[in-house]
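# Chain and residue survey
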Amino acid sequence: MTRLEELEKILKDVYRQYENNCSECPKQKECEEYLHIYKD
């Protein structure tokens, strides 16, 4: 499993809870990493 796939799995689990308020999400770091990898 690639790091991108790992992050997708992690973020999918918390997305529904925090989609309207990212600032409260405990996975902000992972989200930023995902966006950085995805852009490349």
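Owing to the predicted nature of the structure, the values given are computational and were not obtained by experimental measurement.

On inspection of all chains with the given rule, the structure shows one aromatic pair. Summarising the aromatic geometry, the rings of Y34 and Y38 are spaced 5.7 Å apart at their centres and angled 15° between planes, so their arrangement reads as stacked. Taken together, the residues span about one helical turn, with Y34 and Y38 both in helix α2 (residues 28–39) at a distance of four residues. For Y34, a relative accessible area of 17% gives the class buried.

This part takes up the pattern of salt bridges. The full count for this structure, using the stated rule, is two salt bridges. A salt bridge links R3 to E33, with the shortest nitrogen-to-oxygen separation between them at 2.9 Å. Of this pair, R3 sits in helix α1 (residues 3–18) while E33 sits in helix α2, and the two are 30 residues apart along the sequence. On the basis of relative accessibility, which here comes to 30%, the residue E33 falls in the partly exposed class. Each of R3, E6 and E33 takes part in one network of salt bridges that share partners.

Rules used in this analysis
Residues numbered from 1 in each chain as written. Predicted model: local features only at pLDDT ≥ 70, side-chain atom pairs only at ≥ 80, totals over all residues. Heavy atoms only, no water. Phe/Tyr/Trp six-rings, centres within 6.5 Å; stacked < 30°, edge-to-face > 60°. Helix = DSSP H or I, 4+ residues; strand = E, 2+ residues; numbered from the N terminus. Buried < 20%, exposed > 50% of the residue type's maximum accessible area, 1.4 Å probe, protein only. Salt bridge = Lys/Arg side-chain N within 4 Å of Asp/Glu carboxyl O.

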